[in-house]
Amino acid sequence: MRLSIKYSTVFSSLMLFLFFFPISYATRTTVLLKYIAICIAGIITIAKGRQHYFTACCKFYYLCICYFIYILIISAANHLEYANLENVFSVIIFAVALVFFVTSLRRDEESFINAVHFVFAVYIIWDLMTLVMFPDGIPGKESIYGAQFLFGNKNNHTMQLLVYLFSAVWKCKFDRKWDKLTLILSVSISFATIILLGSSTTTVSIGIAIIGVILFWVGVDKASINSGIVVAGGLGMTILILLGQATFLAPIVNRFGKDMTFTTRTDIWVKAIPKIAEKPILGWGNIAGDEATELLGSINTHNQLLDSMLSGGLVLLTILLMVLFMIAKSANRIYDKNMKSTVNFFLIALLIKMMFEQIASASIAWFFFMLLYEYSMVQNRTYIRRSNIDKG
């Protein structure tokens, strides 16, 4: 039996490997190779025809790109260091990569998802090995923010694990015998990673995603909940946590002897809110580095809603909310209830991550947004095709 590997799978794997290469290990060579791969990806996307390009660039992806463009504009308006040519170039790279990923997925779903899972399997296993070998952090990579691992500190592994698990679920639709084994292996590796990390946020988020994966694998007939309600509920819970820490939640949490500051996060939130109130509509732009540390006592707000408000006010927050609800709307179109419930579990995991961490500045978050959004489209095509075959 000959093993057939498509050129598209190889290039997609290379592109994904370079684009999401861990910053802590990046060198001039890897950065140069990344730029070369981006240029080739742009050429391939254009060469495949304008129809593919404009199909990929629907409203959802315009919003994703506008999120970063707006931050650049408002940063320039407030004379922040973030508004420079390097970051303008970074936004262009992000836009080209996003369009390439979308067109590659829509052109050859199986090839692209195989590439995604392969690349992230390599990174997750690499990360797991570093956790086993260096439980106190990789030597020579220490920072003021604590022990550093492959993806940074212990809170920075969630998005990579979500992509890894979600791609494992997606692979199961191809109905190959080894894909179910891949799913079991992915859950086992992810579970081992969160145990070794010991991060509360990562443990809860990935734990919920793992539950969704297990129920998907078992084939439990789960009730189908409107994904818009899931997103609205998650956002509502975030607001309750932000506003209720010092009021009605205090006696409840103190009853169980828990830390009311969520590891000092509420102290950071209290410092961020007055700054947000000064420019609630347009925001301040990307406040980073020493300026962020001086203002917040941290490099970011550790809450995505607050971070969007601080960076771009209600304008930027509206863009983010539109992206999330468009993902929910897309998920609601999934015919298969089991598939739809699985997406909801991943949405809950994502929303929990957003409650206690800022994720929108990382490309990996938007890549995961893309996978969630596209999942329903390809699943629906397959589901309808199989239903027609069964009826025939």
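Look up a bit, the structure's there.
Remember, predicted model here, so these are calculated numbers, not experimental data.

(A) A look at a nonpolar patch on the surface. Judged by side-chain polarity, Val31, Tyr35, Val88, Phe89 and Ile92 come together as a nonpolar surface patch covering roughly 390 Å² of accessible area. Elements with a minimum of two residues in the nonpolar patch: helix 2 (28-47) and helix 5 (85-107). Here Ile92 lies in helix 5.

(B) Representation of a negative patch on the surface within the structure. On the surface, Glu81, Asp290, Glu291 and Glu294 cluster together to form a negatively charged patch. Structurally, Glu294 can be placed in helix 13 (residues 289-296).

(C) The arrangement of the packing of helix 1 (residues 7-19) against helix 6 (residues 109-133) in detail. Two numbers describe how helix 1 lies on helix 6: the axes approach to 8 Å, and their chain directions differ by 40°. The angle between helix 1 and helix 6 places the two elements in the oblique class. Where helix 1 crosses over helix 6, the handedness of that crossing is right-handed. Here helix 1 contributes Ser8, Thr9, Ser12, Ser13, Leu16 and Phe17 to the contact with helix 6, which in turn contributes Ser111, Phe112, Ala115, Val116, Phe118, Val119 and Tyr123. Looking at side-chain class alone, the contact of helix 1 with helix 6 contains eight nonpolar, five polar and no charged residues.

(D) Representation of unusual backbone geometry in the model. Residues other than glycine seldom take positive phi values, yet His79 does so here, at roughly 60°. Topologically, His79 is positioned in the loop between helix 4 (59-77) and helix 5. Classification of His79 by relative accessible area gives exposed; the value is 73%. One non-glycine residue, His302, adopts positive backbone phi at about 55°. When you line up the elements, His302 lands in the loop between helix 13 and helix 14 (304-331).

Parameters at a glance
- Residues numbered from 1 in each chain as written.
- Predicted model: local features only at pLDDT ≥ 70, side-chain atom pairs only at ≥ 80, totals over all residues.
- Heavy atoms only, no water.
- Patch = residues over 30% accessible without salt bridge, like charges linked within 9 Å, V, L, I, M, F, W, Y side chains within 5 Å.
- Areas by Shrake-Rupley, 256 points an atom, 1.4 Å probe, with all protein chains shown as cover.
- Salt bridge = Lys/Arg side-chain N within 4 Å of Asp/Glu carboxyl O.
- Helix = DSSP H or I, 4+ residues; strand = E, 2+ residues; numbered from the N terminus.
- Lys, Arg positive; Asp, Glu negative; His and termini not counted.
- Charge placed at Lys NZ, Arg CZ, Asp CG, Glu CD.
- Axes fitted to C-alpha atoms, helices over the stretch in contact; angles between N-to-C directions.
- Parallel < 35°, antiparallel > 145°, perpendicular 65-115°, else oblique.
- Left-handed = near helix turned anticlockwise from the far one by under 90°.
- Contact = heavy atoms within 4.5 Å.
- Nonpolar A, V, L, I, M, F, W, Y, C, P; charged D, E, K, R; others polar.
- Buried < 20%, exposed > 50% of the residue type's maximum accessible area, 1.4 Å probe, protein only.

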